Amino acid sequence: PSGYAGSGKTYPLHLHFHGAGGDLYGTDHKFPFTDVVDTPDRQFIFATWVKGKFNLAAILHYLIRHYPIDKDHIWLSGHSTGAYTVLDDPCALPTTPAVEGIIVMNSPFIPGCPSSKHLFIISGSYDFVPFFSYQSSQSLFNRTKEQLLCKQEALLTMAFENYPYEVRRHAAFDCSDGKEVHLYTILGETHNPRLSRNFINNIMGEVFRVSGLGATA
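Residues numbered from 1 in each chain as written. Predicted model: local features only at pLDDT ≥ 70, side-chain atom pairs only at ≥ 80, totals over all residues. Heavy atoms only, no water.

1. Description of the packing of aromatic side chains
The cut-off we apply is this: Stacked, tilted and edge-to-face are the three classes assigned to paired rings of Phe, Tyr and Trp, where Trp is represented by its six-membered ring and a pair needs centres within 6.5 Å; plane angles under 30 degrees give stacked, over 60 edge-to-face, the rest tilted. Strands here are runs of E lasting at least two residues and helices are runs of H or I lasting at least four, both read from the DSSP assignment and numbered beginning at the N terminus. Each residue is placed in one exposure class: buried if its accessible area under a 1.4 Å probe, protein chains only, is under 20% of its type's maximum, exposed if it is over 50%, and partly exposed if it falls in between.
Within the structure shown, the criterion is met by eight aromatic pairs. Measuring from ring centre to ring centre gives 5.7 Å for Tyr184 and Phe199, while their planes differ by 55°; the resulting arrangement is tilted. A residue pair is termed long-range when its members are at least 10 positions apart, and Tyr184 in strand E10 (residues 180-186) and Phe199 in helix H6 (residues 197-211) qualify at 15 residues. This pair shows no difference in class: Tyr184 is buried, exactly as Phe199 is. Through a chain of ring-to-ring contacts, the aromatic side chains of Phe160, Tyr163, Tyr165, Tyr184 and Phe199 assemble into a single cluster.

2. Re the pairing of strand E7 (residues 118-124)
Quick reminder of the rule: Pairs of strands are assigned from DSSP output, requiring at least two bridges between the strands.
Counting buried positions along E7 gives seven out of seven residues, so the element sits mostly inside the fold. Side chains His118, Phe120, Ile122 and Gly124 project from E7 onto one buried face, and the interleaved Leu119, Ile121 and Ser123 project onto a second face that is buried too. Two strands pair when backbone bridges link them, and strand E6 (residues 101-105) and E7 are joined in this way by five bridges, in the parallel orientation. Bridge assignment links Ile102 to a residue of E7, and that residue is Leu119. Relative to E10, E7 is paired through seven bridges, and the arrangement is parallel. Bridging across to E10, Gly124 finds its partner in Ile186.

3. Some points on the pattern of salt bridges
Note the cut-off: What counts as a salt bridge is simple: a side-chain nitrogen of Lys or Arg found within 4 Å of a carboxyl oxygen of Asp or Glu.
Scanning the model with the defined rule gives five salt bridges in all. One salt bridge in this structure joins Lys145 and Glu153, with 3.5 Å as the shortest N-O distance. Using a relative accessible area of 10% as the deciding quantity, one classes Lys145 as buried. As a salt-bridge pair, Glu206 and Arg169 come within 3.6 Å of each other at their nearest N and O atoms.

4. Describing the environment of Asn106
We count it as follows: Residue contacts are defined here by distance: any two heavy atoms, one from each residue, within 4.5 Å place the two residues in contact.
Topologically, Asn106 is positioned in the loop between E6 and E7. Since its relative accessible area comes to 0%, Asn106 is described here as buried. Separated by 30 residues in the primary sequence, Asn106 and Ser136 place their C-alpha atoms 8.2 Å from one another. In contact with Asn106, other than residues within four places in its own chain, are His79, Ser80, Ile122, Ser123, Gly124, Asp127, Phe132, Ser137, Thr190, His191 and Pro193.

5. Regarding the pairing of E10
The side chains of a regular strand alternate, first on one face of the sheet and then on the other. With seven of seven residues buried, E10 lies mostly within the body of the structure. Burial of E10 is two-sided: the residues Glu180, His182, Tyr184 and Ile186 facing one way and the residues Val181, Leu183 and Thr185 facing the other way are all buried. Inspection of the sheet shows strand E9 (residues 167-174) paired to E10 by seven bridges, in the antiparallel sense. What sits directly across from Ala171, in E10, is His182. Between the antiparallel neighbours E9 and E10 lie five residues, among them Gly178 with a positive phi of about 80°.

6. Focus: H6
As a reminder, the rule being used: Multiplying 1.5 Å by the residue count of a helix minus one yields the expected span of that helix.
For H6, built from 15 residues, the straight-helix expectation of 21 Å at 1.5 Å per residue is met to within 8% by its first-to-last C-alpha distance of 21 Å. Restricting attention to buried positions, one finds in H6 the residues Phe199, Ile200, Ile203, Met204, Gly205, Glu206, Val207, Phe208, Val210 and Ser211. Once H6 ends, the next one or two residues include Gly212, with phi positive near 70°.

7. A word on the state of the cysteines
What counts, and what does not: Criterion for a disulfide: a pair of cysteine sulfur atoms at a distance within 2.5 Å.
This model, assessed by the stated rule, comprises one disulfide. Across the disulfide from Cys150 sits Cys175; the S-S distance is 1.7 Å. In this pair, Cys150 is assigned in the loop between helix H5 (134-146) and strand E8 (151-158) and Cys175 in the loop between E9 and E10, connecting sequence segments 25 residues apart. We classify Cys150 as partly exposed; its relative accessible area is 28%. A relative accessible area of 42% means that Cys175 is categorised as partly exposed.

Take a look at the structure:
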């Protein structure tokens, strides 16, 4: 956010990893998080990292040392190979700071992960890329859902203005500890969906709701 350095406040962190062949330009246009998180009632420190495998713990510790990060509200997101990093590393690296939630797009299935409290999975229904297929996203959702101790489920079909695809949201909630997992299926889309700003706005509204960070609209 503008003026963060001298504000005396701490801010939630949203760290995004793009996929192979991606870049910041592609992140801004396909997944326009920055448009909806830097507003007066929604302010994150937003960082984008390049593709590939990294020491996620080292990156997070660096950002926490150099920026006024609220360590209770660290969110990760990733697309394709970027999703692999944010799903695998929090479990594989014991020194990784605690992560409140993860947003993955066209993700792989990694058994036993994630270790965060909340998980949002976005996938095109026609994604057939090996290891990152729609079936992988479904398996990740089902595996995570089965780990909930006290399950409640909901299914909703959503439509967004100026967005040509219907979106099916399947959600599961743990009534004992508040953990949530959501699977957003974009009906008719493939491995590289161009997400509308009002769709991302809906996702980030849910992030603010489960984080208790304030406004959701």
